[in-house]
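Coordinate inspection notes
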Amino acid sequence: VPVTDGGYALPVGVTSAILIDHQASATVAPETAPAVTDYAQVTGSFDLLLKSQALATKFAGDPAVAAAVAGSLALLAKTPFGNVKVSLSALRQGSDQAMNSSSQGARRLPSLQGLVRAGYGVGFLQQDKAGSAITAQRYPQALAFAKLMQDSGVSALLTALVVERLQAASGGVNIYGPLQVKQLGPLKIEEVSLLTSTTNMFDPVEQQSGMDTTM
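Just so you know, these numbers come straight off a predicted model, no measurement behind them.

**Digging into the environment of Glu190**
Inspection of the secondary structure assignment puts Glu190 in strand β7 (residues 188-193). By relative accessible area, Glu190 is classed as partly exposed at 31%. Residues Glu190 and Thr43 lie 147 residues apart in sequence; the distance between their C-alpha atoms is 8.5 Å. The contacts of Glu190, once residues within four sequence positions are left out, are Tyr39, Ala40 and Gln41.

This is how it looks when you write it as structure tokens:
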């Protein structure tokens, strides 16, 4: 009976030992291997001023408003609409006044006006496939958006975009009347792994050439 070098009997019909490269045979094919996808998330907030507290409350609870704000941010970020998440909340004022700290000296807002806080998060897929150690090189689009959101003229631009989308959603009329982005809060850029994170807000999609991000 043929035996292996170690003295073990071979199966009937087998005359020599067959060596198997277990390491090679255990390799997962590229198409079935889990992909590790990282993305950058830019988060921040800004306040919108409306004519009354009643309008602010209605504004914050309107899905069309959330879509208008998200669409405006997507356009500024040059990213698909699905990569933007928005939350709106009407800010409760004191008995007769609310504080606005958009300037160095805080000033009082009349009780007739209402404020809405818009929190946002925008996801950007890694663009440097070489895996640079420098975050700005891996996510140049995220960095460009963060810089834009700190520009002195972005409040007016964002206001115009939101109003335009609200008018489009209501047959050409902005049912909430005049509104204005009054204050942009601090923002944060962080890198998140889709494979390891359990708190992802996004499953970002690639920006396709010529993709329309308007609503």
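Having seen the model, we can carry on.
**Structural notes on the pattern of salt bridges**
Under the criterion given, the structure shown has two salt bridges. The shortest N-O distance in the salt bridge between Asp47 and Arg117 comes to 2.2 Å. Highlighted residues: Asp47 in strand β1 (residues 38-50) and Arg117 in strand β5 (residues 114-125), separated in sequence by 70 residues. The exposure class assigned to Asp47 is buried, which follows from its relative accessible area of 6%. Residue Arg117 is classed as partly exposed on the basis of its relative accessible area, which comes to 33%. Among the ionic pairs, Glu191 bridges to Arg138, the shortest N-O distance being 2.7 Å. Of this pair, Glu191 sits in strand β7 while Arg138 sits in helix α4 (residues 135-138), placing them 53 residues apart in sequence. Glu191 sits in the partly exposed class, given a relative accessible area of 37%.

**Description of the packing of helix α3 (residues 63-77) against helix α6 (residues 154-169)**
One can describe the packing of α3 onto α6 by two numbers: an axis separation of 9 Å at closest approach and a directional angle of 130 degrees. One way to sum up the angle between α3 and α6 is to call them oblique. The chirality of how α3 crosses α6 is right-handed. In this structure, α3 contributes Ala64, Val65, Ala68, Val69, Gly71, Ser72, Leu73, Leu75 and Leu76 to the contact, and α6 contributes Val154, Leu157, Leu158, Leu161, Val162, Arg165 and Leu166. Looking at the contact of α3 with α6 residue by residue, the class counts come to 13 nonpolar, two polar and one charged.

**Some details on helix α5 (residues 140-148)**
Among the residues making up α5, those that are buried are Gln141, Ala142, Phe145 and Ala146. For α5, the angular spread of buried residues about the axis comes to 135 degrees, placing them on one side. At its buried positions, α5 is contacted by β1, α3, β5 and β7.

Calculation notes
Numbering of residues starts from 1 in every chain and runs along the sequence as written. Local features in this predicted model are restricted to residues of pLDDT 70 or higher, and side-chain atom pairs are both shown and tallied only at a pLDDT of 80 or more, whereas totals for entire chains, interfaces and linings draw on every residue. With hydrogens and water set aside, each side-chain value is computed from the structure's full complement of heavy atoms. Here a strand is any run of E in DSSP of at least two residues, a helix any run of H or I of at least four, and the numbering for each starts at the N terminus. Relative accessibility decides the category of a residue: with a 1.4 Å probe and only protein chains considered, values under 20% of the type maximum give buried, values over 50% give exposed, and everything between is partly exposed. What makes two residues a contact is simply this: any of their non-hydrogen atoms within 4.5 Å. A carboxyl oxygen of Asp or Glu within 4 Å of a side-chain nitrogen of Lys or Arg is what we treat as a salt bridge. Axis definition: a line fitted to C-alpha atoms, over the contacting stretch in the case of helices. Angles run 0 to 180 degrees between N-to-C directions. Note that the term roughly parallel is reserved for angles under 35 degrees, roughly antiparallel for angles over 145, roughly perpendicular for angles of 65 to 115, and oblique for everything else. Should the near helix be turned counterclockwise from the far one by less than a right angle, the crossing is left-handed, whereas a clockwise turn marks it as right-handed. Ten residues, namely Ala, Val, Leu, Ile, Met, Phe, Trp, Tyr, Cys and Pro, are considered nonpolar, four, namely Asp, Glu, Lys and Arg, are considered charged, and the remaining ones, Gly among them, are considered polar. This arc corresponds to the set of directions leading from the helix axis out to the C-beta atoms.

By themselves, these figures tell us nothing about what the structure is for.
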